[in-house]
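Breakdown of the fold
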Amino acid sequence: MTITRRAVLATTALAAAPVVGPALAQTTPSAPTPAQGSAPRQAPGFYRYKVGDVEVTAINDGFAQRPLEGFVRNAELSQVQQAMQEAFLPGNALPITFNTLVLNQGGRLTLIDTGNGDMGAPTSGRWMTNFRAAGFDPAQVNTVVISHFHGDHINGLRLKDGTAVFPNAEVMVPAAEWAFWMDDARMNQAPEAMKGAFQGVRRVFGPIASNVKRYEMDKEIVPGLTAVAAPGHTPGHTAYMLSSGNGKLMIMSDITNHPALFVRNPDWSAVFDMDADQARATRRRMLDMAASERAQVAFYHAPFPATGHIAKDGNGFRFVPVQWNPAV
């Protein structure tokens with residue numbers, strides 16, 4: 001894997017302190033009303049849908065603003081701004097959303113990624129409020145599956161003060177990702193700018209290292225959930241196929257960042273992609289598969305609730321969000 005200096009800097013920033021339109025959220029009658037004079041908030045950010053017999057709940061963790069300049073490594077800023085304009089998004093910064101998934105299989109709860117915890121941007125950190133509003137308790141989580149080790153995916157496992165957020169959960173991680181980030185020799189030889197990312201991974205996983213279960217690709221890691229190799233964004237970056245009955249959901253993790261940029265332009269390279277060429281090849285392969293199979297997909301960074309379909313569109317693709325449905 002070729003790792004550029006720019007990717008190193010971007011990865012470090014993301015691991016240490018990660019960086020919408022109206023949220024499609026299920027509301028609850030008991031949702032609190034903002035106090036007089038306080039900033040208004042949306043209703044709790046969770047959305048449920050079914051994949052076969054599995055109840056899937058998207059949990060939103062807010063967003064972070066990322067300056068557009070330098071965000072796409074192989075496109076002119078004017079091209080990126082044009083894509084943003086076509087998507088009715090601001091021309092100076094990208095609002096990056098964070099969305100995890102909870103799989104409820106007959107009361108057995110599997111969480112895919114954990115959000116920023118208490119270490120993200122001021123506009124993130126909404127995850128636990130939304131998780132509880134959806135009727136879940138962290139003590140009930142049976143399994144936490146991690147797609148890759150960027151901070152916005154793992155920091156929700158452990159608070160700044162060291163508290164483990166899911167005390168009863170088995171933690172499962174990609175074997176290739178673990179081998180890269182937990183290698184002491186690799187950390188010692190890494191550029192100074194990248195060492196913070198290695199240290200962040202150790203902060204989260206160090207206290208539980210002996211209990212973390214490492215999984216391989218193309219294996220069913222919990223019932224109905226199969227790991228799919230999707231390297232490039234990071235060395236062990238993983239997508240998933242969730243199957244139940246006749247239902248299937250392709251969980252794309254960070255194969256794209258915002259769909260308005262990287263689904264429409266799959267050959268663009270995000271600054272966070274550690275191996276740009278491999279990430280582009282993975283992106284095209286997975287988007288083409290989703291379009292060909294007319295599969296439902298879920299993305300970590302798509303606008304909430306971050307699920308829909310992929311359609312071919314010229315040399316690229318387009319993301320077609322699901323229609324909000326009050327029924328589950």
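Shown above is the structure to which this text applies.
A few points on the structure. Sequence order sets the numbering: in each chain, residues are counted from 1 along the sequence as written. Only residues with pLDDT of 70 or above have their local features reported here, since the model is predicted, and side-chain atom pairs are shown and tallied only from 80 upward, although totals for entire chains, interfaces and linings are computed over all residues. Side-chain calculation: all heavy atoms of the structure are included, whereas hydrogens and water are not.

**What to know about the sheet that holds strand β13 (residues 307-313)**
If you walk across this open sheet you meet the seven strands as β8-β9-β10-β11-β12-β13-β14, and the pairing is mixed. Only two strands of the sheet have a single partner each, and these edge strands are β8 (220-222) and β14 (316-321). Taking each pair of neighbouring strands and ignoring which way they run, the sheet shows an average axis angle of 35 degrees. The sheet contacts of helix α9 (residues 276-293) involve β9 (225-229), β10 (238-244), β11 (247-251), β12 (296-298), β13 and β14, and relative to β13 the element is tilted by about 100 degrees. A pair of strands counts as paired when DSSP detects no fewer than two bridges linking them. Here a strand is any run of E in DSSP of at least two residues, a helix any run of H or I of at least four, and the numbering for each starts at the N terminus. Orientation is described by lines fitted to C-alpha atoms, with helices fitted over the stretch in contact, and by angles between N-to-C directions that extend from 0 to 180 degrees. Any two residues whose heavy atoms approach within 4.5 Å at even a single point are treated as in contact.

**Some points on empty space enclosed by the protein**
Cavities and pockets were defined on a 1 Å grid built from protein atoms only: a cavity is a group of points that admits a 1.4 Å probe but offers it no way out, a pocket is an open group of points flanked by protein on both sides within 12 Å along at least five of seven lines, and a lining residue is one with an atom within 4 Å of any such point. Grid points are joined across faces, edges and corners, and a volume is the space filled by probe spheres set on the points. Size it by volume and the largest cavity reaches roughly 100 Å³. The biggest single contributor to the lining of the largest cavity is strand β3 (residues 93-105), with three residues. In terms of residue class, the lining of the largest cavity is built from nine nonpolar, three polar and one charged. Together, H233, D254, I255, T256, N257, F262, A270, F272, D273, R283 and H301 line the second largest cavity. Each residue is assigned to one class: nonpolar for Ala, Val, Leu, Ile, Met, Phe, Trp, Tyr, Cys and Pro, charged for Asp, Glu, Lys and Arg, and polar for all the others, Gly among them. Residue composition of the lining of the second largest cavity, grouped by class: four nonpolar, four polar and three charged.

**Regarding the side chain of T238**
Within the secondary structure, T238 sits in strand β10. Working definition: with a 1.4 Å probe on protein chains only, accessible area under 20% of the residue-type maximum means buried, over 50% means exposed, and in between means partly exposed. Among the residues examined, T238 registers a relative accessible area of 0% and is labelled buried. If near-sequence neighbours (up to four positions away) are discounted, T238 is found in contact with S147, P174, Y215, M217, A227, V228, A230 and S253.

**Some remarks on the environment of A58**
Along the chain, A58 turns up in strand β2 (residues 54-67). Overall, A58 belongs to the buried group, its relative accessible area being 1%. The spacing of A58 and F304 is 246 residues in sequence and 8.0 Å in space, taken between C-alpha atoms. When sequence neighbours within four positions are dropped, the list of residues in contact with A58 reads G45, F46, Y47, T100, L101, F304 and P305.

**Quick notes on the sheet that holds strand β5 (residues 141-145)**
Taken in spatial order, the seven strands line up as β1-β2-β3-β4-β5-β6-β7 in an open sheet, and their pairing is mixed. Of all strands in the sheet, those bounded by a partner on one side alone are β1 (46-51) and β7 (213-215). Within this sheet the neighbouring strands show an average axis-to-axis angle of 25 degrees, counted without direction. Pairing of β2 with β3, which is carried by eleven bridges, proceeds in the antiparallel orientation. Looking across to β3, one finds that N60 is bridged to N99.

**Considering the pattern of salt bridges**
Note on definitions: salt bridges are taken to be side-chain nitrogens of Lys or Arg within 4 Å of carboxyl oxygens of Asp or Glu. Using the criterion set out here, one finds nine salt bridges in the structure. The partner of E192 in a salt bridge is K195, with the nearest N and O atoms 3.7 Å apart. One end of the pair, E192, and the other, K195, are both in helix α7 (residues 192-205), three residues apart, so they sit about a helical turn from each other. As a salt-bridge pair, D267 and R284 come within 3.0 Å of each other at their nearest N and O atoms. Residue D267 is found in the loop between α8 (259-262) and α9, and its partner R284 is found in helix α9; the two are separated by 17 residues along the sequence. Note on D267: relative accessible area 32%, which makes it partly exposed.

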